[in-house]
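# Tertiary structure, described
Here are the chains, one letter per residue:
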Amino acid sequence: LLPIEMRPRSGASSVIEYLVAFGVVGFAFALGHSDRIIRVLSLVVSSAVVLEVLQLIDPTRHGRLTDVAVKIAGAVVGVGLGVGLNWVLSRRRAS
């Protein structure tokens, strides 16, 4: 965790940044560990919660329930897309 003034900015809203960041992480882990989807989802969701809780330690940061909800939503969508792509690829290999 960095102080808020050192946080990289893309120019997009923080909601979009959180959705994309956790979506990409969830997607990548789901692709790489397709046999452990529950563990992947648990890892990415718990990471979102822990990062948000850790922000409460730094006086320049703020942990918000809405932020963790957006991060979890991104994680779930990313894992879901990874599972879907794995399913499509396995169906193609089988035929």
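In short, a report on the structure. (Residues numbered from 1 in each chain as written. Predicted model: local features only at pLDDT ≥ 70, side-chain atom pairs only at ≥ 80, totals over all residues. Heavy atoms only, no water.)

## Observations concerning the side chain of Glu 17
Relative to the assigned elements, Glu 17 resides in helix H1 (residues 14-32). Side chain to side chain, Glu 17 and Ser 10 meet in a polar contact 2.8 Å long. Setting aside chain neighbours within four positions, we find Glu 17 in contact with Arg 7, Arg 9, Ser 10, Gly 11 and Ala 12. (Helix = DSSP H or I, 4+ residues; strand = E, 2+ residues; numbered from the N terminus. Polar contact = N/O pair within 3.5 Å; in protein donor to acceptor, adjacent residues only side chain to side chain. Contact = heavy atoms within 4.5 Å.)

## As for the nonpolar core
Within the largest apolar cluster, eight residues are counted, these being Phe 22, Ala 30, Val 40, Val 44, Ala 48, Val 68, Ala 75 and Val 79. When contributions to this core are tallied by element, the ones reaching two or more residues are H1, helix H2 (37-54) and helix H3 (65-94). Ignoring any residue separated from it by four or fewer positions in sequence, one finds Val 68 in contact with Ala 48, Val 49 and Glu 52. (Core = buried A, V, L, I, M, F, W, Y, C linked by side-chain atoms within 4.5 Å. Buried < 20%, exposed > 50% of the residue type's maximum accessible area, 1.4 Å probe, protein only.)

## Observations regarding the packing of aromatic side chains
By the definition in use, this model includes zero aromatic pairs. One Lys or Arg, Lys 71, reaches over the ring of Tyr 18 and ends 4.8 Å from the middle of that ring. (Phe/Tyr/Trp six-rings, centres within 6.5 Å; stacked < 30°, edge-to-face > 60°. Lys NZ or Arg CZ within 6 Å of the ring centre and 35° of its normal.)

## Some details on the side chain of Asp 67
Of note, Asp 67 is situated in helix H3. Salt bridges are absent for the buried Asp 67, whose nearest opposite-charge side chain, Arg 64, sits at 4.8 Å. Residues contacting Asp 67, with those up to four places away along its chain left out, are Tyr 18, Glu 52 and His 62. (Lys, Arg positive; Asp, Glu negative; His and termini not counted. Salt bridge = Lys/Arg side-chain N within 4 Å of Asp/Glu carboxyl O.)

## Points about H2
Within an α-helix, residues lying three or four positions from one another point in the same direction, as the helix has 3.6 residues per turn. Along its 18 residues, H2 runs 25 Å from first to last C-alpha, staying within 8% of the 26 Å computed at 1.5 Å per residue. For H2, the full list of buried residues reads Val 40, Val 44, Ala 48 and Glu 52. Down the axis of H2, the smallest arc covering the buried residues is 100°, so these residues share one side. The outward face of H2, more than 90 degrees from its buried face, is lined by the exposed residues Ile 38 and Arg 39. For H2, the elements touching its buried residues are H1 and H3. (Expected span 1.5 Å × (residues − 1). Arc of directions from axis to C-beta.)

Keep in mind that these numbers describe shape and distance, not what the molecule does.
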